[in-house]
Amino acid sequence: MRKDRLYEEDLLVNGTVGGEVLTKHERQVLRREAGELQEKIEEAKQEPIAE
């Protein structure tokens, strides 16, 4: 995950592009879910490729 990803998401969600303002709780949930997905991606990278 790129370092500036959260900044870009803030612009899309809370900035002039998206215009939708999320509550603090909603942002926390989205960040937690993104973290969980990132962990699953990293785990999948460690598994051997089945042919």
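Residues numbered from 1 in each chain as written. Predicted model: local features only at pLDDT ≥ 70, side-chain atom pairs only at ≥ 80, totals over all residues. Heavy atoms only, no water.

Engineer: How should I be thinking about the overall build of the protein in this particular structure?
Structural biologist: Within the protein one finds two helices and zero strands. Among the 51 residues that make up the protein, the fraction classed as buried is 4%. When the accessible area of the protein is evaluated, it comes to approximately 4,800 Å², of which 55% is carbon and sulfur surface. (Helix = DSSP H or I, 4+ residues; strand = E, 2+ residues; numbered from the N terminus. Buried < 20%, exposed > 50% of the residue type's maximum accessible area, 1.4 Å probe, protein only. Areas by Shrake-Rupley, 256 points an atom, 1.4 Å probe, with all protein chains shown as cover.)

Engineer: Help me out: how do you make sense of the pattern of salt bridges in this one?
Structural biologist: Close approach of charged atoms allows side chains of opposite charge to pair. Considering all chains together, one arrives at two salt bridges under this definition. Of the charged contacts, one joins lysine 45 and glutamate 42 as a salt bridge, the two residues approaching to 3.6 Å between their closest N and O atoms. One end of the pair, lysine 45, and the other, glutamate 42, are both in helix H2 (residues 24-46), three residues apart, so they sit about a helical turn from each other. Judged by its relative accessible area of 58%, lysine 45 falls in the exposed class. (Salt bridge = Lys/Arg side-chain N within 4 Å of Asp/Glu carboxyl O.)

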